[in-house]
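# Examination of the molecular architecture
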Number of protein chains: 2
Amino acid sequence: MDHWAGATPSPAAGSDFLQLDPAAAPSRGRTDWLTAQLRAAILESRLPAGTRLPATRSLAEDLGIARGVVVEAYQRLGEEGLTVSRPRAGTTVRPRAHASRDASVPHDMMSLLSTPSPRDGVEYDLSPGLPDLSHFPRAAWLRAERDVLAQASSADLGYGDPAGTPALRTELVRWLGRARGVRTTEGDIVIVAGVAQSLALLAQVQHAHGRRRIGVEDPGSRGAADELAHWGLTPVPTPVDTNGIRIDALARADPQSVLVTPAHQFPMGVVLAPQRRQALLAWATHAEALVIEDDYDAEYRYDRAPVPAVQASALDHVAHTGSTSKTMAPALRLGWLIPPRRLRAEILDAKYASDISSPTISQLVLAHLLASGAYDQHLRRTRTRQRTRRDAMLAALRQHLPGTQVLGVAAGLHLVVLLPDPACNDVEVAERLRANGIHTQPLSWHCHHAGPPGLVLGYAAHTPARITEAVARIAESLPDQRPRRNKMTS
Amino acid sequence: MDHWAGATPSPAAGSDFLQLDPAAAPSRGRTDWLTAQLRAAILESRLPAGTRLPATRSLAEDLGIARGVVVEAYQRLGEEGLTVSRPRAGTTVRPRAHASRDASVPHDMMSLLSTPSPRDGVEYDLSPGLPDLSHFPRAAWLRAERDVLAQASSADLGYGDPAGTPALRTELVRWLGRARGVRTTEGDIVIVAGVAQSLALLAQVQHAHGRRRIGVEDPGSRGAADELAHWGLTPVPTPVDTNGIRIDALARADPQSVLVTPAHQFPMGVVLAPQRRQALLAWATHAEALVIEDDYDAEYRYDRAPVPAVQASALDHVAHTGSTSKTMAPALRLGWLIPPRRLRAEILDAKYASDISSPTISQLVLAHLLASGAYDQHLRRTRTRQRTRRDAMLAALRQHLPGTQVLGVAAGLHLVVLLPDPACNDVEVAERLRANGIHTQPLSWHCHHAGPPGLVLGYAAHTPARITEAVARIAESLPDQRPRRNKMTS
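### Let's talk about the pairing of strand 5 (residues 213–218) of chain B
Residue and element names in this part refer to chain B. Summarising burial for strand 5: 5 of the 6 residues are buried, a large majority. Across 6 bridges, the pairing between strand 5 and strand 6 (residues 234–241) is parallel. Bridging from a neighbouring strand, G215 pairs with V236 of strand 6. Handedness of the strand 5-helix 8 (residues 222–230)-strand 6 crossover: right-handed. As judged from the 3 bridges shared by strand 5 and strand 8 (residues 257–260), these two strands associate in the parallel manner. By the bridge assignment, I214 is partnered in strand 8 with S257.

This is the structure:
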């Protein structure tokens, strides 16, 4: 018998969409089942932000269930804030916390923003700002914690000082003075849950005073700008050139605050030139504006002299912040903020109202590592390792992508590669690389206004061999970027 | 020679106020010196909030320095937000973060609110809500952290999931289901920096939706009400009786949210009666209001059956929160929040914008302790110890203060003693006790509207012998509260 000729087509048994199998749905509670399946897919990033869900009629037909079930499930997801429904545009997955908050960012960029993992098919995660976590000093941390727990008083385990535990404040004051030229006292420094919390607290205080516009570097950290916007500030993109942020543009825009990365501009890597530093501080003093100095990876400099923090030159107008995220691990959530004294009491109020204080044990452990010299030792080793890796990436770029311009190489954990064709779309390039297992950030993600196409490549987290492989893979993925073969040399 | 007769009186050498010694001031920089002395005294609570600084002329005369120096120093402190100057009221120390934010709270209450320490002359700290930190399981914590660091992947040390690390979410889901009757999934629970952060995030989300009024129990946690006010909500005091919060009053006030402590009302210790629970959930469903259930010390019950969380009965309307602050140590800043699903995405956005995620290592350590049974073991021992201490305090109260009524004894880490004279001022009583080395909280501190005078006494952090001493000392300090001596028995 010929099974094919004349057989009645079987009803659709399942759906390609998420491989949903209605046979798995309980006969009662299909709505709960479908809602749970969709919710899980969204929360696990299998349906990235921007994805459009199938039309209710189509999905109902594919699954062989009542259309009302699908409608109800979509409705519930909307109520949970996971999807957005627009007339004639259907139901789409709403962007989530750690992706961009801009709902108009296209789907393909969204997949670039979510944290990559091997499960996503990412073999080489070249995210900027990630230190080599395999070298987190686990043994030293544990030894220090053993000492801390042996010596900590009961009072140390109670509710802590919102400004942070005195032992860590003391050690950081010494270390910051020594390593970053920061001038401060134990009474001025506040321990925070990373630079993210510094920005949150400063934004809250400025917002409360009606100071709602904040200059941000352009190109500049997209994550930081988004966070400031969450707290009700309006980011004012201010151009960056080879000398750093343009103070003339800043003065014209005249915001009440500005966020800068003077020691190693993110992402372009330039240093704020001396004349710009002076002009920045002069503007801030004259305009009574707040300069937020994000010292995010200033400990890593390779080819040039250390760049002292701006903070010491203008204590009244600069809020200095940094953390252990790039030197030890982002998971610690341990950073510091030195606000101008006039803002200190309000900053402490905001910190107390946010989480009372940062956890004490890890503060004491960091204090121990600073006091014993173990932190400095760790940094020295890390710096040496970073330099080797940076060199490997530079060599690989010269070999495999010689048509590209490379920026920001003198310091940090990442560099920027400008793509040679000014007309190319770096988001598409990054998408192509992502499909080939390499996670990079398109430079345009950090640009508020259109800029040159490029890629931000982190190198700190990979061995030289892996870096070379990754760059070779990038070159293979981008045939139009590779050098034309010279018939005489091939 | 008689040095005394006819000698010119020496100029005032110093001041009683803070024992300031102008001889210690550099001849240049007296303003800096004086400002620093005053600032330190304020930040170290030697000048509690509400204290009025000496008139500038007086202090200048006492110190033998120019009046302009004192004026400038006071000016700087004002700019730093540490003091407030009012015409004809002089300069007073502004209330600080962990004291009440109400500038009208009198000086004497302020000293009761600052964290006591032996340096302040506090021998017995009977603050409620402090577990016995000498029994923090340091060895178990360190053992667990050793295992965690040995097994953690590099990815575990990167930027974490704003909802918390999956291992801890899984273990907490199991534990909360088992211990508190909480019905939830890994996808619903969020790890936060203590209940303080839960309240912050919920307040931010409710505020953003224009839902700005929140019922608070009266008597009820002053700290919680102050924090909610910081985030722009208006606390609506709602009376509590022996069955818990009055739902009829709540419904009349009709706020958009309410904060409750159903398992063990703080501070009175009552359990929310079953009919009130039903009425609360019925009101919340009908009014589409949010019930925030603060499960702060529900693990400690002595004489009665466990009280299951309200949360399981109304997943859509209850946000359940709890932490390790009372079971392990406030210093951990480790808690959980289970918001209604419709708020989850916004809660995660707010968490991410606050501090990205909670620190990962301590999350993994807690997960380890939960999985291994060490947490349960610690709780069992602690519960036994607490019961013994509660019994000691009850016995001491019966012996030394038999005229007083004692409330809230069946569970928790504290109880309430109502003072027999309804006209007495419990703030003055607490001040008197403080002067005698015993730190207690006056009940009126937690009352929005006038209530019976009383004291909130924590017993968890002291041995039975110390508890008995403390209560005896209380009785000695309050002669009018003691039983009259019976001539026949004395």
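### Some points on the sheet that holds strand 12 (residues 405–407) of chain A
Residues and elements named next belong to chain A. Spatial ordering of the open sheet is given by 12-13-16-15, a layout of 4 strands whose pairing is antiparallel. Unpaired on one side and paired on the other, strand 12 and strand 15 (441–442) mark the two borders of the sheet. Bridge analysis of strand 13 (residues 414–418) against strand 16 (residues 454–458) gives 5 bridges, and the strand direction is antiparallel. Of the residues in strand 16, the one forming a bridge with V416 is V456. Of the strands in this sheet, strand 15 and strand 16 touch helix 14 (residues 426–435), which is tilted by about 45 degrees from strand 16.

### Considerations on the environment of T321(A)
Residues and elements named next belong to chain A. Structurally, T321 can be placed in strand 10 (residues 318–323). When its relative accessible area of 0% is taken as the criterion, T321 is described as buried. A sequence separation of 25 residues divides T321 from Y296, and the C-alpha atoms of the two residues are 7.8 Å apart.

### A few points about the confidence of the model for chain A
Residues and elements named next belong to chain A. Here chain A averages 85 in pLDDT, while 85% of its residues score no lower than 70. Taken as a whole, residues 1–13 scores under 50 in pLDDT and shows 2 contacts with residues more than four places along the chain or in a different chain. Scored below 50 in pLDDT, residues 486–490 makes 1 contact in the model with residues more than four places away or belonging to other chains. Complex prediction metrics read pTM 0.78 and ipTM 0.78.

### Let's talk about the interface of chain B and chain A
Listed by partner, the interface residues are 61 residues for chain B and 62 residues for chain A. The junction of chain B with chain A conceals about 5100 Å² of combined surface from both sides, 61% of it contributed by carbon and sulfur atoms. Broken down residue by residue, the surface that chain B buries against chain A is led by R138(B), L157(B) and Y159(B), which jointly contribute 13%. Our enumeration of links across chain B and chain A arrives at 18 residue pairs in polar contact (both at pLDDT 80 or more). Listing elements by their share of the side of chain B that touches chain A, those giving two or more residues are helix 1 (30–43), helix 5 (138–151), helix 7 (194–208), helix 8, helix 11 (341–355) and helix 12 (360–372) of chain B. Here the side of chain B that touches chain A takes 11 residues from helix 11 of chain B, the largest share from any one element.

### Structural notes on a positive patch on the surface
A surface patch of positive charge is lined by R143(A), R146(A), R143(B) and R146(B). Look at R146(B) and you get partly exposed, because its relative accessible area is 45%.

### Some remarks on the packing of aromatic side chains
Residues and elements named next belong to chain A. Taken as a whole and assessed by the stated rule, the structure comprises 8 aromatic pairs over all chains. Seen in terms of ring centroids, W175 and Y375 are 5.3 Å apart; in terms of plane orientation they differ by 85 degrees. Their pairing is edge-to-face. Taken as a pair, W175 in helix 6 (residues 166–180) and Y375 in helix 13 (residues 374–400) lie far apart in primary sequence, 200 residues in all. Judged by relative accessible area, Y375 falls into the buried class, the value being 2%. A network of ring pairs unites the aromatic residues W175, W336 and Y375 as a single cluster.

Cut-offs and rules
- Residues numbered from 1 in each chain as written.
- Chains lettered and ligands numbered in written order.
- Predicted model: local features only at pLDDT ≥ 70, side-chain atom pairs only at ≥ 80, totals over all residues.
- Heavy atoms only, no water.
- Buried < 20%, exposed > 50% of the residue type's maximum accessible area, 1.4 Å probe, protein only.
- Helix = DSSP H or I, 4+ residues; strand = E, 2+ residues; numbered from the N terminus.
- Pairing = 2+ DSSP bridges.
- Right-handed = clockwise from strand over helix to strand, strands pointing away.
- Contact = heavy atoms within 4.5 Å.
- Axes fitted to C-alpha atoms, helices over the stretch in contact; angles between N-to-C directions.
- pLDDT = per-residue confidence, 0-100.
- Buried area = accessible area lost by both parts, 1.4 Å probe.
- Polar contact = N/O pair within 3.5 Å; in protein donor to acceptor, adjacent residues only side chain to side chain.
- Patch = residues over 30% accessible without salt bridge, like charges linked within 9 Å, V, L, I, M, F, W, Y side chains within 5 Å.
- Areas by Shrake-Rupley, 256 points an atom, 1.4 Å probe, with all protein chains shown as cover.
- Salt bridge = Lys/Arg side-chain N within 4 Å of Asp/Glu carboxyl O.
- Lys, Arg positive; Asp, Glu negative; His and termini not counted.
- Charge placed at Lys NZ, Arg CZ, Asp CG, Glu CD.
- Phe/Tyr/Trp six-rings, centres within 6.5 Å; stacked < 30°, edge-to-face > 60°.

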